[in-house]
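Summary of the model geometry
Chain residues, written in single-letter form:
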Amino acid sequence: MSLPHKNEEYGTEVYWDKRYEQEAEDASFDWFKTYADVANDIRKFIPSRDARILMLGCGNSKFSEDMWEDGYKNIVNVDYSPVVIEKMRNRHKDMRPEMTWEVKDVRTLDGLDTSSFDVAIDKGTMDAMMASSTDVWDPPEQVIKDCTAEVSQVIRVLKRTGIFIYITFGQPHFRKRYLTGEHVTRNASLEINQLGESFHYYMYTLRML
């Protein structure tokens, strides 16, 4: 795994394309938590195995694969790196044909219909867009614009009672601003759950009402 020279590179398509090109075809990497770590929470928030799920910034994580093995077959995986999407499509097309892989930017989600998903999941994607900022208290305008754009698009594609699950290491006083505010154009409730014991992660669940 090639690490960027500067954290800002985590937020660029160029870095991710180069990284995925250099990695082996069967390489995988999971930010923060694996599916096994949060499976009980996921099952609680997504009781129906028939739910249509959007995986935002899927990368080459095994999270979708593990969800599929747990019975969630209807998963649409998106990432703005065409390199990783092609690799993941080839990796899973025979064994997990129900899953689809599409090149999409989470800030626009072009081509995805309004009110078409029951669930959207972000595990580290929004955090990558925040990597260009060294000041968590006062992030640059572009970071705020990018993160609120993602949330706005997620809200657009979620069904009437859909939910957005965001898994991150970011503490509530740094992350709530992106999950509340004027860009949240529908009635919604926000639930925050702390994960882990020594180093805490957080699961934010934004539920449409």
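Further up the page is the structure itself.
Looking now at the packing of helix α6 (residues 141-157) against helix α7 (residues 172-179). Contact geometry for α6 and α7: axes closest at 8 Å, N-to-C directions at 60 degrees. Here α7 runs oblique to α6, going by the angle between their axes. Across from V143, I144, C147, T148 and V151 in α6, the residues of α7 making contact are R177, Y178 and L179.

Another point: the environment of M208. In this fold, M208 is placed in strand β7 (residues 201-208). With relative accessibility at 2%, the residue M208 sits in the buried group. Expressed as a C-alpha distance, the spacing of M208 and T161, which sit 47 residues apart in the sequence, is 4.9 Å.

On to the environment of I85, then. Structurally, the position occupied by I85 is in helix α4 (residues 82-92). When its relative accessible area of 1% is taken as the criterion, I85 is described as buried. Residues I85 and N60, spaced 25 residues apart in sequence, show a C-alpha to C-alpha distance of 8.3 Å. Beyond its immediate sequence surroundings of up to four residues, I85 is in contact with C58, N77, V78, D79, W101, E102 and V103.

Further remarks concern the nonpolar core. The biggest cluster of nonpolar side chains holds 29 residues, and the ones touching the most others in it are L54, L56, M126 and F164. If you list the elements that add at least two residues to this core, you get β1 (53-56), β2 (75-79), β4 (117-123), α5 (125-130), α6, β5 (158-168), α7 and β7. A per-element tally of this core places α6 first, with 7 residues. With residues near it in sequence (within four places) discarded, M126 still touches C147, E150, V151, F164, Y166 and Y178. Membership of the second largest hydrophobic core comes to 28 residues, among which are Y72, V84, I121 and L195.

This paragraph deals with the side chain of D79. Counting through the fold element by element, D79 comes out in strand β2. The side chain of D79 is buried and forms no salt bridge, while R107, the nearest opposite charge, is found at 9.9 Å. At 2.9 Å, the side chain of D79 forms a polar contact with the backbone nitrogen of G59. Residue contacts for D79: discarding those within four places in its chain leaves G57, C58, G59, V84, I85, E102, V103 and K104.

Pairing in this open sheet of 7 strands is mixed, and the strands run β3-β2-β1-β4-β5-β7-β6 from one edge to the other. Both edges of this open sheet fall to β3 (100-103) and β6 (188-195), since each of them pairs with a single strand only. Strand-to-strand twist in this sheet, taken as the mean axis angle between neighbours without regard to direction, amounts to 20 degrees. As paired strands, β5 and β7 are joined by 6 bridges and run antiparallel to one another. Across the sheet, residue I167 finds its bridge partner in β7, namely M203. Sitting on the sheet, helix α2 (residues 35-45) is in contact with β4, β5, β6 and β7, with an inclination near 10 degrees to β7.

Calculation criteria
Residues numbered from 1 in each chain as written. Predicted model: local features only at pLDDT ≥ 70, side-chain atom pairs only at ≥ 80, totals over all residues. Heavy atoms only, no water. Axes fitted to C-alpha atoms, helices over the stretch in contact; angles between N-to-C directions. Helix = DSSP H or I, 4+ residues; strand = E, 2+ residues; numbered from the N terminus. Parallel < 35°, antiparallel > 145°, perpendicular 65-115°, else oblique. Contact = heavy atoms within 4.5 Å. Buried < 20%, exposed > 50% of the residue type's maximum accessible area, 1.4 Å probe, protein only. Core = buried A, V, L, I, M, F, W, Y, C linked by side-chain atoms within 4.5 Å. Lys, Arg positive; Asp, Glu negative; His and termini not counted. Salt bridge = Lys/Arg side-chain N within 4 Å of Asp/Glu carboxyl O. Polar contact = N/O pair within 3.5 Å; in protein donor to acceptor, adjacent residues only side chain to side chain. Pairing = 2+ DSSP bridges.

From the geometry alone we can't say anything about function, so treat these as descriptive.
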